[in-house]
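Survey of secondary and tertiary structure
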Amino acid sequence: MANARIERASTADLPFIMATERVEGYDRFVGRWDEARHLAALADGHYAYFLARDGVTPLGFAIVRDWASAERVTCVKRIAVASPGNGLGRQLLREVIDCIFRDTDAHRVWLGVFPENERARRAYEAVGFKAEGVARGNAFFGGIYRDELIMAILRPEWTRVPRAS
Ligand SMILES: CC(C)(COP(=O)(O)OP(=O)(O)OC[C@H]1O[C@@H](n2cnc3c(N)ncnc32)[C@H](O)[C@@H]1OP(=O)(O)O)[C@@H](O)C(=O)NCCC(=O)NCCS
């Protein structure tokens, strides 16, 4: 069972973040940026980076886009953990969502997931995200347009999610 500390990430965490984006097999599920793109996002107030750590050891990251947007709609742009299937993704996402609803006026938090990524979908459902439908050709990924399942959680739903797991 995961028991990590979740905190805002900084440029010092980029080597871990970039290595995790590039874990073998993750290229089917998650995008990857070069260092310049990450540095630009880190310096941009529309983005917020989060890191899960056990002591000094980084375990996973999440990138939030449209942080504190005037539209009150925020996107979890990317999330990945170094060692999947151990509950960390749920913990990380839950705390990131807590942070969004606590620190901003967001009403809706959404993400897009490739429909076949069952592990991710289960983690998202466990923290209260609901599948809303398939957005056709929503991701230009690996040189092709791919469909994404859109999942979201609204502020009134967040307070009702049980915190046991
Ligand atoms: C998506 C991700 C962040 C989720 O984090 P995680 O730590 O693996 O998630 P959790 O362990 O909290 O939950 C995973 C769920 O999937 C289930 N699961 C584990 N391995 C699975 C597999 N191979 N296939 C289907 N389900 C699986 C787990 O049992 C758990 O479901 P449950 O709570 O109903 O039992 C992580 O898997 C990851 O980094 N994946 C690679 C990158 C990626 O896909 N990112 C998301 C792009 S949208």
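The structure we're discussing is the one just above.
Before going into details, it helps to say that this report is about the structure given with it. (Residues numbered from 1 in each chain as written. Predicted model: local features only at pLDDT ≥ 70, side-chain atom pairs only at ≥ 80, totals over all residues. Heavy atoms only, no water.)

Some words on the site of the ligand
Where we set the bar: Residue proximity to a molecule or strand is established when one non-hydrogen atom of the residue lies within 4 Å of it. We call two N or O atoms a polar contact when they sit within 3.5 Å, provided that within protein one can donate a hydrogen and the other can accept it, with sequence-adjacent residues counted only if both atoms are side-chain atoms. The helix and strand labels rest on DSSP assignments: H or I over at least four residues marks a helix, E over at least two residues marks a strand, and numbering proceeds from the N terminus.
The full set close to the ligand counts 21 residues, and Ile79, Gly85, Gly87, Gly89 and Asn117 are the nearest of them. Between the ligand and the protein, one listed contact pairs an oxygen atom with a backbone N or O atom of Gly85 at 2.7 Å. Counting only elements with at least two residues in the shell around the ligand, the list comes to β4 (73-81), α3 (88-103), β5 (108-113) and α4 (118-126). With six residues, the single largest contributor to the shell around the ligand is α4.

Remarks on the pattern of salt bridges
As a reminder, the rule being used: The term salt bridge refers to a side-chain nitrogen of Lys or Arg lying within 4 Å of a carboxyl oxygen of Asp or Glu. Burial classes: relative accessible area under 20% of the type maximum marks a residue as buried, over 50% as exposed, and values in between as partly exposed (1.4 Å probe, protein chains only).
One pass over the full model with this rule turns up 10 salt bridges. Taking the shortest distance from any N to any O, the salt bridge between Glu7 and Arg53 comes out at 2.3 Å. Pair noted here: Glu7 is in strand β1 (residues 5-8) and Arg53 is in strand β2 (residues 47-54), with a separation of 46 residues, a long-range link. Arg53 sits in the buried class, given a relative accessible area of 15%. Across the salt bridge formed by Arg65 and Asp66, the nearest N and O atoms sit 3.5 Å from each other. The network of salt bridges with shared partners includes Arg5, Glu7, Asp13 and Arg53.

Let's talk about the environment of Val23
Here Val23 shows up in the loop between α1 (14-21) and α2 (35-42). A relative accessible area of 27% means that Val23 is categorised as partly exposed. Expressed as a C-alpha distance, the spacing of Val23 and Ala82, which sit 59 residues apart in the sequence, is 7.5 Å.

Notes on the environment of Gly87
Looking at where Gly87 falls in the secondary structure, it is placed in the loop between β4 and α3. Judged by relative accessible area, Gly87 falls into the buried class, the value being 11%. For the pair formed by Gly87 and Ile144, sequence separation is 57 residues and the distance between their alpha carbons is 31 Å.

Observations concerning the nonpolar core
A general tendency of soluble globular proteins is for nonpolar side chains to be buried together. Heads up, the rule is: Put simply, buried Ala, Val, Leu, Ile, Met, Phe, Trp, Tyr and Cys residues joined by side-chain atoms within 4.5 Å make one nonpolar core. We call two residues in contact when some of their heavy atoms are within 4.5 Å.
Among the nonpolar cores identified, the biggest contains 32 residues, and Ile97, Tyr124 and Phe129 are the most heavily contacted of them. When residues of this core are assigned to their parent elements, the largest contribution, eight residues, is made by α3. Residues contacting Ile97, with those up to four places away along its chain left out, are Val76, Val109, Phe129, Ile153 and Trp158. Ranked by size, the runner-up nonpolar core spans 14 residues in total, among them Ala9, Tyr26, Tyr47 and Phe61.

Details of the sheet that holds strand β7 (residues 144-154)
Our working rule: Pairing between strands is defined by DSSP: at least two bridges between them are needed. For every element, the axis is a line fit to its C-alpha atoms; helices are fit only across the contacting stretch, and the angle between N-to-C directions ranges from 0 to 180 degrees.
Spatial ordering of the open sheet is given by β1-β2-β3-β4-β5-β7-β6, a layout of seven strands whose pairing is mixed. At either end of the open sheet lies a strand with only one pairing partner, and these are β1 and β6 (130-141). Here the strands of the sheet are splayed against their neighbours by 30 degrees on average, with no regard to which way each runs. In the sheet, β2 pairs with strand β3 (residues 57-65) via eight bridges, with the strands oriented antiparallel. Paired with Asp54 across the bridge in β3 is Thr57. Contacting β1, β2, β3, β4, β5 and β7, α3 crosses the sheet at an angle of about 155 degrees to β4.

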